Amino acid sequence: MTASVTVRVPAKVNVQLAVGGLRPDGFHDLANVFLAVGLHDNVTATPADALRVTCSGPDAGQVPLDATNLAARAALALAARHGREADVHLHIDKDIPVAGGMAGGSADAAGALLACDALWGTGASREELLDICAELGSDVPFSLVGGAALGRGRGEILTPLAVGGTFHWVFAVADGGLSTPAVYRECDRLREVAGTGATTADVPDPEPSPALIDALRAGDAAALAAAVTNDLQAAAVSLRPSLTATLEAGTGAGALAAMVSGSGPTTAFLVTDAAEAEKVADALRASGTCRAVRVTSGPAAGATVVTPA
Ligand code: C5P
């Protein structure tokens, strides 16, 4: 029997996040272009008497270890489908910033699912795994597949996208998190205040940007910078006005594009190359407008079993 299985799983940034109207089920239709980036969590599944979650890493104290942890819910969902106990110890070695906007919780769910499938020999098909991922959360399927993809529906219906090069990024981690539902609610509120209405009847269907998809395919950072958009940015900044100073610090240091990552409060800065990334990272650190700064690049592979190799 396998002693344990470790899965490595990436963070993501949304290079386009077009948000449609509020649906009757409480979600929003999206045109959501995900890019996986090279910050990773490792999720290790080891046989145990009962389900248990532990976490290590600089932000470990902020990770819930009870059944609300998405990794625990992933193990329970797979076990339920296959009529077995979720008798597993999940250890999350966390390097993805916890503050929010980089799908760290979703990454752990995808990692736990793949690790349990391998540990238990469940042999779930890719389709079944993606199905469980979609039940767990809108961003979880992308954490499994990685690379770059267009997410439609609430973000869970994926089409892979070609990426013709490496894109360099700097991420500024804010102090404290932002609740994703609260940011969507604020987006709706701002739309109501602006008089446009917030439901699917009021807001045009979100559409992927052809220029952005071309820029990804060409590996053209300047073209990508010109095309990035995030419809949740105004809402995140409205709830956390201090993000404006962070965005300005990155732009002032020469970032090609500065944006809120997903629902925030992490901010993302696209830069021309690795040397520029260090320069922008230094400026962000010196600005005193964020808790931590991370430099990385994308695309990165999706959830991958690393041990046993
Ligand atoms: O799917 P997930 O659990 O990540 O969603 C968390 C919350 O974010 C939802 O309950 C909803 O309030 C909001 N959401 C949304 N539209 C989406 C995705 C998430 O309104 N497409």
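This structure is a prediction, so every number in the text was calculated from the model and none was measured.

What follows deals with the domain arrangement of the protein chain. Accessible area lost on assembly of the parts is the figure often given for the size of an interface. On domain assignment, one finds that the protein chain holds domain 1 (5-161) and domain 2 (167-298). For domain 1 versus domain 2, the separation of C-alpha centres amounts to 22 Å. Of the residues lining the interface, 33 residues belong to domain 1; the matching set on domain 2 comes to 44 residues. Across the domain 1 to domain 2 interface the summed buried area is about 2,900 Å²; carbon plus sulfur atoms make up 61%. Where domain 1 touches domain 2, the interface holds three salt bridges.

This part is about the pattern of salt bridges. A full pass over the atoms with the stated rule returns 18 salt bridges. Salt-bridge contacts for R81 lead to D131; the nearest nitrogen and oxygen are separated by 3.5 Å. Here R81 is found in helix α1 (residues 70-81), whereas its partner D131 is found in helix α3 (residues 126-136), with 50 residues between them in sequence. You can call R81 partly exposed: its relative accessible area is 35%. If you follow the salt bridges from partner to partner, you end up with R81, E128, D131 and E135 in one network.

Close to the ligand lie G26, F27, H28, L30, G137, S138, R154, T180, P181 and Y184, which account for all nearby residues. Contact distances for the ligand include 3.4 Å between an oxygen atom and a backbone N or O atom of G26. S138 is positioned with one of its side-chain polar atoms (N or O) 2.6 Å from an oxygen atom of the ligand. For the ligand, whose free accessible area comes to 450 Å², the fraction covered by protein is 74%. Judged by the fraction of its atoms near the pocket grid, the ligand is located in the largest pocket. Broken down by secondary-structure element, the contributors of at least two residues to the shell around the ligand are β2 (28-47) and α5 (180-194). Tallied by class, the residues present in the shell around the ligand amount to four nonpolar, five polar and one charged.

It is the contact of α1 with helix α2 (residues 104-120), at a shortest axis distance of 7 Å, that shows an interaxial angle of 35°. Considering the relative orientation of α1 and α2, their crossing is right-handed. Residues L70, A71, A74, A75, L78 and A79 of α1 pack against G105, S106, D108, A109, A112, L113, C116, D117 and W120 of α2. By residue class, the composition of the contact of α1 with α2 is eleven nonpolar, two polar and two charged.

For the rest of this paragraph, the subject is the layout of surface pockets. If you add up the space inside the largest pocket, you get close to 1,100 Å³. Taken together, 44 residues line the largest pocket, and the ones lying closest to its centre are L70, S106, D139, T180 and P181. Mapped by element, the contributors of at least two residues to the lining of the largest pocket are β1 (5-22), β2, α2 and α5. Here the residues of the lining of the largest pocket sort into 18 nonpolar, 19 polar and seven charged. When residues of the lining of the largest pocket are assigned to domains, at least three map to each of domain 1 (5-161) and domain 2 (167-298).

With seven of seven residues buried, strand β7 (residues 167-173) lies mostly within the body of the structure. Along β7, one buried face is formed by F167, W169, F171 and V173 and the opposite face, lined by H168, V170 and A172, is buried too. Direction of pairing for β7 relative to strand β10 (residues 267-271): antiparallel, over a ladder of five bridges. Across the sheet, the residue bridging to A172 is T267, located in β10.

The subject of this paragraph is the sheet that holds β10. Ordered by their spatial adjacency, four strands build an open sheet running β9-β10-β7-β11, and the pairing between neighbours is antiparallel. At either end of the open sheet lies a strand with only one pairing partner, and these are β9 (257-260) and β11 (292-298). Ignoring strand direction, the axes of neighbouring strands in this sheet form an average angle of 25°.

On to the nonpolar core. Ranked by internal contacts, the top residues of the largest apolar core, which has 67 residues, are L90, W120, W169 and L224. Ranked by the residues each element gives to this core, the list is headed by α2, at ten residues. Each of domain 1 (5-161) and domain 2 (167-298) contributes no fewer than three residues to this core. Look past the residues within four positions of L90 in its chain and what remains in contact with it is V43, T44, A45, L51, R52, V53, T54, A71, A72, A75, A112 and C116. With 28 residues, the next largest nonpolar core counts V237, A253, F269 and A277 among its residues.

The next point concerns the packing of aromatic side chains. What describes a pair of aromatic rings is the distance from one ring centre to the other and the angle between the planes of the rings. This model, assessed by the stated rule, comprises two aromatic pairs. Measuring from centroid to centroid gives 4.6 Å for F34 and F142, while their planes differ by 5°, and the two rings are stacked. On the criterion of sequence distance, the pair formed by F34 in strand β2 and F142 in helix α4 (residues 140-145) is long-range, its members being 108 residues apart. You can call F142 buried: its relative accessible area is 1%.

How each quantity is defined
- Residues numbered from 1 in each chain as written.
- Predicted model: local features only at pLDDT ≥ 70, side-chain atom pairs only at ≥ 80, totals over all residues.
- Heavy atoms only, no water.
- Domains from an automatic or database assignment.
- Contact = heavy atoms within 4.5 Å.
- Buried area = accessible area lost by both parts, 1.4 Å probe.
- Salt bridge = Lys/Arg side-chain N within 4 Å of Asp/Glu carboxyl O.
- Helix = DSSP H or I, 4+ residues; strand = E, 2+ residues; numbered from the N terminus.
- Buried < 20%, exposed > 50% of the residue type's maximum accessible area, 1.4 Å probe, protein only.
- Near = heavy atom within 4 Å.
- Polar contact = N/O pair within 3.5 Å; in protein donor to acceptor, adjacent residues only side chain to side chain.
- Areas by Shrake-Rupley, 256 points an atom, 1.4 Å probe, with all protein chains shown as cover.
- 1 Å grid on protein atoms, 1.4 Å probe; cavity = no way out; pocket = protein on both sides within 12 Å on 5 of 7 lines; lining within 4 Å.
- Sits in = over half its atoms within 2 Å of the grid points.
- Nonpolar A, V, L, I, M, F, W, Y, C, P; charged D, E, K, R; others polar.
- Axes fitted to C-alpha atoms, helices over the stretch in contact; angles between N-to-C directions.
- Left-handed = near helix turned anticlockwise from the far one by under 90°.
- Points joined across faces, edges and corners; volume = space filled by probe spheres on them.
- Pairing = 2+ DSSP bridges.
- Core = buried A, V, L, I, M, F, W, Y, C linked by side-chain atoms within 4.5 Å.
- Phe/Tyr/Trp six-rings, centres within 6.5 Å; stacked < 30°, edge-to-face > 60°.

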